[in-house]
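Examination of the molecular architecture
What follows is the residue order along each chain.
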Amino acid sequence: MALNLSGRSFLTLLDFTTEEIEYMLELSKDFKNLKRMGAPHRYLEGKNIVLLFEKTSTRTRCAFEVGGMDLGLGVTYLDPGSSQMGKKESIEDTARVLGRMYDGIEYRGSDQSIVEELADKAGVPVWNGLTNEYHPTQALADILTMREEFGDTRGLKLTYLGKEQGNVSDSLMVICAKLGINFCSCGPKGDVEGATHFDPELLETCQKIAEENGCTIQLTDNIDEGVKDADVIYTDVWVGMGQAEELWKSRIKLLSPYRVTSEVMAKANPNAIFMHCLPSFHDIKTTIGAEIAEKFGVTEMEVTDEVFESDKSRVFQEAENRMHTIKAVMYATLR
Ligand code: CP
């Protein structure tokens, strides 16, 4: 099923058909096998890419760097303080400069409109490494992880616990709808300070896609209903990258009932797994975790340490899969 995605940008999964997403997942599986076998796959030797990070990263940056090097690509990393973009040079001009030097551009930052403008002006593929709205490479890795666990994912149920809107939950809703996976967002109904519920237009679009693919999108604030029949329990940090620290207090109050605990896992399917995009506040071994513990007396946030470390947890396999899926996206669009 070799499809031609050459020259395409990867900005949101909404831009890709079910078949195209399946193709990238198949490629990811192949690249993971090649890596496991130690078989060289420097298929893009002679090409160069640039990674533009306006926000910090461990997984995404390393996945693009190692994935790129495995493919034979030259890789330049520009950290949040070392490019002119936005400060002394417009997005448009930056895109036109980088597009003349590089064969592909990765961008992590704030508004989706920035990655879209880069893609519009660069003349080379641009990959979304996380914006406020979407995190599409994360969603691809999540599905690869689910397939390694369950085989066919069609008809499974993924429940996301926490507030509705977020770049990870948005992308999961899109990919689940495209691939026939039942998606449930389980979180507080009322206003969540500093956050919104799903954009109604996105929700409607996903509901239509889900209907075409024989799956459902469920929104509930009831944990028993949300996790019932779930094959995957998924969560993310309560205050996202770049969001105000003042939000912690209200988020802890509103979202604590939606913490993933062993009791929550026990309400899901017996073979259900736990997933998280990482990083996670499951203990106080981080500066922020320790500060929150001191300030609010909370030592575990979106997931308990017990679940995070349990045999149900697939979080590190999921993190590794970022590399295989990102490699597939780069290869498919640069080949
Ligand atoms: N999940 C994820 O995007 O991790 P990083 O922020 O470390 O890239």
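Residues numbered from 1 in each chain as written. Predicted model: local features only at pLDDT ≥ 70, side-chain atom pairs only at ≥ 80, totals over all residues. Heavy atoms only, no water.

1. Observations regarding the overall build of the protein
Within the protein one finds 13 helices and nine strands. Over its C-alpha trace the protein gives a radius of gyration of 19 Å, about what one expects of a compact globule, namely 20 Å for 335 residues. Projected onto its principal axes, the C-alpha coordinates of the protein cover approximately 50 × 45 × 40 Å. Out of the 335 residues belonging to the protein, those deemed buried represent 57%. Counting contacts in the protein only where the partners sit at least 6 residues apart, residues at least 24 apart contribute 76% of the total. Within the structure as shown, the protein displays about 14,300 Å² of accessible surface, and the carbon and sulfur contribution to it stands at 49%. Positive and negative side-chain charges in the protein, numbering 36 and 54 respectively, have mean positions lying 3 Å apart. (Helix = DSSP H or I, 4+ residues; strand = E, 2+ residues; numbered from the N terminus. Rg over C-alpha atoms; globule rule 2.2 N^0.38 Å. Buried < 20%, exposed > 50% of the residue type's maximum accessible area, 1.4 Å probe, protein only. Contact = heavy atoms within 4.5 Å. Areas by Shrake-Rupley, 256 points an atom, 1.4 Å probe, with all protein chains shown as cover. Lys, Arg positive; Asp, Glu negative; His and termini not counted. Charge placed at Lys NZ, Arg CZ, Asp CG, Glu CD.)

2. Focus on the side chain of Asp-142
Counting through the fold element by element, Asp-142 comes out in helix α5 (residues 136-150). Within the buried core, Asp-142 has no salt-bridge partner, and the shortest N-O distance to an opposite charge, that of Arg-322, equals 6.6 Å. The contact partners of Asp-142, leaving out residues within four places of it in the chain, are Leu-172, Tyr-234, Met-275 and Glu-318. (Salt bridge = Lys/Arg side-chain N within 4 Å of Asp/Glu carboxyl O.)

3. Description of the site of the ligand
Lining the immediate surroundings of the ligand are Ser-57, Thr-58, Arg-59, Thr-60, Arg-108, His-135, Gln-138, Met-241, Cys-277, Leu-278 and Arg-322. For the ligand, an oxygen atom lies 2.7 Å from a polar atom in the backbone of Thr-58. With the chains in place, 96% of the 260 Å² that the ligand exposes on its own is no longer accessible. More than half of the atoms belonging to the ligand lie within 2 Å of the grid points that define the largest pocket. Its residues placed into classes, the shell around the ligand shows three nonpolar, five polar and three charged. (Near = heavy atom within 4 Å. Polar contact = N/O pair within 3.5 Å; in protein donor to acceptor, adjacent residues only side chain to side chain. 1 Å grid on protein atoms, 1.4 Å probe; cavity = no way out; pocket = protein on both sides within 12 Å on 5 of 7 lines; lining within 4 Å. Sits in = over half its atoms within 2 Å of the grid points. Nonpolar A, V, L, I, M, F, W, Y, C, P; charged D, E, K, R; others polar.)

4. Some details on the sheet that holds strand β6 (residues 182-186)
The five strands lie next to each other as β7-β6-β5-β8-β9, forming an open sheet whose pairing is parallel. Here the strands that pair on one side only, and so sit at the sheet edges, are β7 (217-220) and β9 (273-276). Across this sheet, the average inter-strand angle for adjacent strands is 20°, counted without regard to direction. As judged from the five bridges shared by strand β5 (residues 157-161) and β6, these two strands associate in the parallel manner. Directly across from Leu-161, in β6, lies its bridge partner Cys-186. Across the sheet, helix α6 (residues 167-179) touches β5, β6, β7 and β8 (232-235), and the angle it forms with β5 is around 165°. (Pairing = 2+ DSSP bridges. Axes fitted to C-alpha atoms, helices over the stretch in contact; angles between N-to-C directions.)

5. Points about α6
Here α6 is 13 residues long and its end C-alpha atoms lie 18 Å apart, about the 18 Å a rise of 1.5 Å per residue gives. Taken from the residues just after α6, Gly-180 is the one with a positive phi, measuring 75°. (Expected span 1.5 Å × (residues − 1).)

6. With respect to the sheet that holds strand β4 (residues 126-128)
Paired through backbone hydrogen bonds, the strands of a sheet run either parallel or antiparallel to each other. Read across the open sheet, the four strands follow the order β2-β1-β3-β4; overall the sheet is parallel. What marks the edges here is a single partner per strand, and that holds for β2 (74-78) and β4. Each adjacent strand pair in this sheet contributes to an overall mean axis angle of 20°, direction not counted. Each of β1 (48-53), β3 (104-108) and β4 is contacted by helix α13 (residues 315-334), which is oriented at about 155° to β4, the strand it contacts most.

7. Overview of unusual backbone geometry
Leaving glycine out, the prevailing phi sign among residues is negative, and the prevailing peptide bond configuration is trans. Between Leu-278 and Pro-279 the backbone carries a cis peptide bond, its omega angle lying at 5°. Relative to the helices and strands, Pro-279 resides in the loop between β9 and α11 (287-296). Positioned with a positive phi, Leu-130 is a non-glycine residue whose angle comes to about 130°. Take Leu-130: it is sitting in the loop between β4 and α5.

8. As for the packing of aromatic side chains
Using the criterion set out here, one finds ten aromatic pairs in the structure. When the ring of Phe-53 is compared with that of Tyr-77, the centres are 5.6 Å apart and the planes differ by 50°; the resulting orientation is tilted. Residue Phe-53 is found in strand β1, and its partner Tyr-77 is found in strand β2; the two are separated by 24 residues along the sequence. Phe-53 gets classed as buried once you look at its relative accessible area, which sits at 1%. Between Phe-308 and Phe-316 the ring centres are 5.8 Å apart and the planes differ by 90°, which places this aromatic pair in the edge-to-face class. By relative accessible area, which is 54% here, Phe-316 ends up exposed. Through a chain of ring-to-ring contacts, three or more aromatic side chains come together here, namely Phe-31, Tyr-43 and Tyr-331. Just above the ring of Tyr-77 sits the side chain of Arg-61; from NZ or CZ to the centre is 3.5 Å. (Phe/Tyr/Trp six-rings, centres within 6.5 Å; stacked < 30°, edge-to-face > 60°. Lys NZ or Arg CZ within 6 Å of the ring centre and 35° of its normal.)

9. Things to note about the pattern of salt bridges
What the rule picks out here adds up to 18 salt bridges. Across the pair Asp-70 and Lys-35 runs a salt bridge, and its minimum N-O distance is 2.6 Å. A residue pair is termed long-range when its members are at least 10 positions apart, and Asp-70 in helix α2 (residues 59-70) and Lys-35 in helix α1 (residues 18-37) qualify at 35 residues. A residue is classified by how much of its surface remains accessible, and Asp-70, at 18% relative accessible area, is buried. Of the charged contacts in the structure, one is a salt bridge between Asp-221 and Lys-189, with a shortest N-O distance of 4.0 Å.

10. Side note on the pairing of β2
Judged from the five bridges that link them, β1 and β2 form a sheet pairing that is parallel. Paired with Asn-48 across the two strands is Gly-74, which belongs to β2. Where the polypeptide runs from β1 across α2 and back to β2, its parallel neighbour, the crossover connection is right-handed. (Right-handed = clockwise from strand over helix to strand, strands pointing away.)

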